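Topology and contacts: notes
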Amino acid sequence: MTFLFYTLVTIAAFLAMEFVAWFAHKHLMHGWLWNWHEDHHKPHEKTGFFEKNDRFFLVFAIPSATCYILGSVYAESLFFLFFIGVGISIYGLTYFLVHDVYIHRRFHWFKKLDNSYSRAILRAHGAHHSKQTKEDCESFGLLVVGKRYFGKRADRVAS
Ligand SMILES: [Zn+2]
Ligand SMILES: [Zn+2]
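Because the structure is predicted, anything quoted here is derived from the model rather than measured. (Residues numbered from 1 in each chain as written. Chains lettered and ligands numbered in written order. Predicted model: local features only at pLDDT ≥ 70, side-chain atom pairs only at ≥ 80, totals over all residues. Heavy atoms only, no water.)

Quick word on the overall build of the chain
Threshold: Secondary structure follows DSSP: runs of H or I at least 4 residues long count as helices, runs of E at least 2 residues long count as strands, and numbering of each begins at the N terminus. Exposure classes here rest on a 1.4 Å probe applied to the protein chains alone. A residue is buried below 20% of its type maximum, exposed above 50%, and partly exposed in between. Whether two residues touch is decided by their heavy atoms; if any such pair falls within 4.5 Å, the residues are in contact. In these tables, accessible area is a Shrake-Rupley quantity obtained with a 1.4 Å probe, and a residue counts as shielded only by the protein chains included in the view. By the counting rule applied here, Lys and Arg register as positive and Asp and Glu as negative, while His and the ends of each chain are not counted. Where a charge lies is defined by one atom per residue type: Lys uses NZ, Arg uses CZ, Asp uses CG and Glu uses CD.
On a plain count of helices and strands, the chain comes out with five helices and zero strands. Walking the chain from its N terminus toward its C terminus, one meets helices and strands in the order α-α-α-α-α. Once the C-alpha set of the chain is aligned to its principal axes, its extents read approximately 50 × 35 × 30 Å. Expressed as a percentage of the 159 residues in the chain, the buried residues total 38%. For the chain, restricting intrachain contacts to residue pairs at least 6 apart in sequence, the fraction spanning at least 24 positions comes to 61%. Approximately 9700 Å² of the chain is accessible, and the part contributed by carbon and sulfur atoms is 67%. Of the side chains in the chain, 18 bear a positive and 13 a negative charge, and the two mean positions are spaced by 6 Å.

Some words on the environment of His-99
Applicable threshold: Here a polar contact is recorded for every N or O atom pair within 3.5 Å, except that within protein the pair must consist of a potential hydrogen donor and a potential acceptor, and residues adjacent in sequence are included only if both atoms are side-chain atoms.
Checked against the element boundaries, His-99 lands in helix H4 (residues 79–103). Between the alpha carbons of His-99 and Lys-26 there is a distance of 16 Å; along the sequence they are 73 residues apart. Apart from residues no more than four positions distant in its own chain, His-99 is found in contact with His-40, Thr-94, His-104, His-125, His-129 and Leu-142. One polar contact links His-99 to His-40, side chain to side chain, over a distance of 3.0 Å.

Here's the deal with the side chain of His-25
Its place among the elements puts His-25 in helix H1 (residues 2–32). According to the relative accessible area criterion, His-25 is buried, its value standing at 3%. At 2.8 Å, the side chain of His-25 forms a polar contact with the side chain of His-128.

A short note on the coordination of the zinc ion (ligand 2)
Condition: Water is absent from the atoms considered, so a metal site may look incomplete; donors are defined as N, O and S atoms within 2.8 Å of the metal, or 3.2 Å for Na, K and Ca.
Around the zinc ion (ligand 2), the donor atoms from the protein are His-40 (NE2), His-99 (NE2), His-104 (NE2), His-125 (NE2) and His-129 (NE2), and they sit 2.0 to 2.2 Å away. Mapping the donors of the zinc ion (ligand 2) onto the primary sequence yields the spacing H-x58-H-x4-H-x20-H-x3-H. Placement of His-40 in the loop between helix H2 (34–37) and helix H3 (55–73) and of His-129 in the segment after helix H5 (116–128) is noted, with a sequence separation of 89 residues between them. Residue classification places His-40 among the buried residues on the basis of a relative accessible area of 6%.

Let's talk about the coordination of the zinc ion (ligand 1)
With distances of 2.1 to 2.2 Å, the protein atoms coordinating the zinc ion (ligand 1) are His-25 (NE2), His-30 (NE2), His-37 (NE2), His-41 (NE2) and His-128 (NE2). Taken in sequence order, the residues that donate to the zinc ion (ligand 1) follow the motif H-x4-H-x6-H-x3-H-x86-H. Pair noted here: His-30 is in helix H1 and His-41 is in the loop between H2 and H3, with a separation of 11 residues, a long-range link. Residue class for His-30 comes out buried when judged on its relative accessible area of 8%.

Written as structure tokens, this is what we have:
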């Protein structure tokens with residue numbers, strides 16, 4: 001029972017992070033933190049391997065680290081926080097593998113991955129990158145993809 005509970009907490013945290021990432025991308029990164037996100041919307045040659053945008057990996061490590069600490073140091077009743085931290089970490093790893101590796105090809109892994117869902121992800125994020133501006137972008141999420149991105153030919157994002 002306990003195992004099931006903590007598994008569900010982990011999954012819930014993972015799913016909630018898709019919303020948090022969507023919200024942060026739409027309202028913070030394309031809002032007052034645009035300064036950090038801007039170079040992710042510019043051609044890659046100008047930025048080198050690291051982007052200012054990578055700072056967000058560190059930013060999102062703060063809530064998970066806080067959950068790990070609070071969940072393991074304090075009362076047993078707070079132990080579930082540890083698994084929220086695990087869920088956030090798994091989402092962060094997934095985000096890195098899907099967004100940075102699969103979509104933007106910062107490492108040459110998963111080259112052969114190709115199915116209707118992976119193509120929809122590419123198309124949705126490609127639509128996001130079709131603009132280099134703070135305003136007027138679409139598709140801020142990563143794993144939850146709008147229906148309109150399925151079933152069409154998806155081209156890889158050029159960056
Ligand atoms: Zn963006
Ligand atoms: Zn991107």
